[in-house]
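# Structural features, examined
Here is how the chains run, residue by residue.
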Amino acid sequence: MVRKKQIAALFTALLIVLQLSSCSSTPEREYKIPEKMNKVQSGVIDQNDRFVMKWDNDQKCVILENKETGHVWCTIPYDAYLKDDINSNLISPLNISYYLPDEAADDLSKGYECIENQLVSSEKDGRKLKLKFYFSDPEITVPLEFELHDDHITASVPFNEIEESGKALLTEVSVLPYFCSVPNSNDKSSYLFVPSGSGALMYADENVQGFSRSFTGKVFGEDLASTRLNPSESVKNVLMPVFGAKYNNNSLFAVI
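These lines cover the structure that appears in this document, whether it is placed above or below. If you're wondering where the values come from, they're calculated on a predicted model, not measured in any experiment. (Residues numbered from 1 in each chain as written. Predicted model: local features only at pLDDT ≥ 70, side-chain atom pairs only at ≥ 80, totals over all residues. Heavy atoms only, no water.)

### A word on the environment of F146
With respect to the element layout, F146 can be found in strand β10 (residues 140–148). Overall, F146 belongs to the buried group, its relative accessible area being 3%. With sequence-adjacent residues up to four places away left out, F146 is seen in contact with M53, V62, T75, R127, K128, L129, L131, I153, T154, A155 and L176. (Helix = DSSP H or I, 4+ residues; strand = E, 2+ residues; numbered from the N terminus. Buried < 20%, exposed > 50% of the residue type's maximum accessible area, 1.4 Å probe, protein only. Contact = heavy atoms within 4.5 Å.)

This is the structure we're talking about:
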């Protein structure tokens, strides 16, 4: 287990949510998982004057290195990655939620399940790194693509490549929950920028009265196809789809 929790965990895991509409009457289709997964060997995927984008095939993680400063952002918190101190949550670059019509129940699956069962394919398409996560229990396949640009990196989920058998209906996709994270520190050298109100800063203190700080929010509100008529709580929607992190003299700004 990781000793120091990343303050960004809960915040980014629930903030980067893509709502997908589904119909409960969808008929089941045959779900196929390739017998042999495509694999991109670990190493440099792309680079430019400012950044290097690398791929670790063993941990199934993407690493972004700033050439000028040498600072690294990683889909796994980088301090944990270097120590090989990784748990099932930290190693999951993509998580999904889904609805099971036959059971009338919601459930979720994390990307580490695909990684542990070797159900992740990777291939390089031009300058893009294209991944596919095969969630065998709900029979859902979700793609995830990375591309390096002159001054930023993009991570996207091509909706037209999502596959469902109909056994389960995909409702949410959580992307890169730890990419925008910083180590806990009491010297106020690290903080998160969160889209609360007109914007707020949260220091990554080691301990705040026995609790870790966290922030969650639904971007642009609920999917109208799955909104509950009588929600148990009243939550304001996040209308500013941005967030960020600062660690010493390095920072990362994310736009959803």
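That shown, we press on.
### Focus on the pattern of salt bridges
Evaluated as defined, the whole model comprises five salt bridges. Across the salt bridge formed by E65 and K54, the nearest N and O atoms sit 3.2 Å from each other. Residue E65 is found in strand β4 (residues 61–66), and its partner K54 is found in strand β3 (residues 51–56); the two are separated by 11 residues along the sequence. We note a salt bridge from E145 to K130, for which the minimum N-O separation is 3.6 Å. Here E145 is found in strand β10, whereas its partner K130 is found in strand β9 (residues 128–135), with 15 residues between them in sequence. This pair shows no difference in class: E145 is buried, exactly as K130 is. Connected through shared salt-bridge partners, D125, K128, K130 and E145 make up one network. (Salt bridge = Lys/Arg side-chain N within 4 Å of Asp/Glu carboxyl O.)

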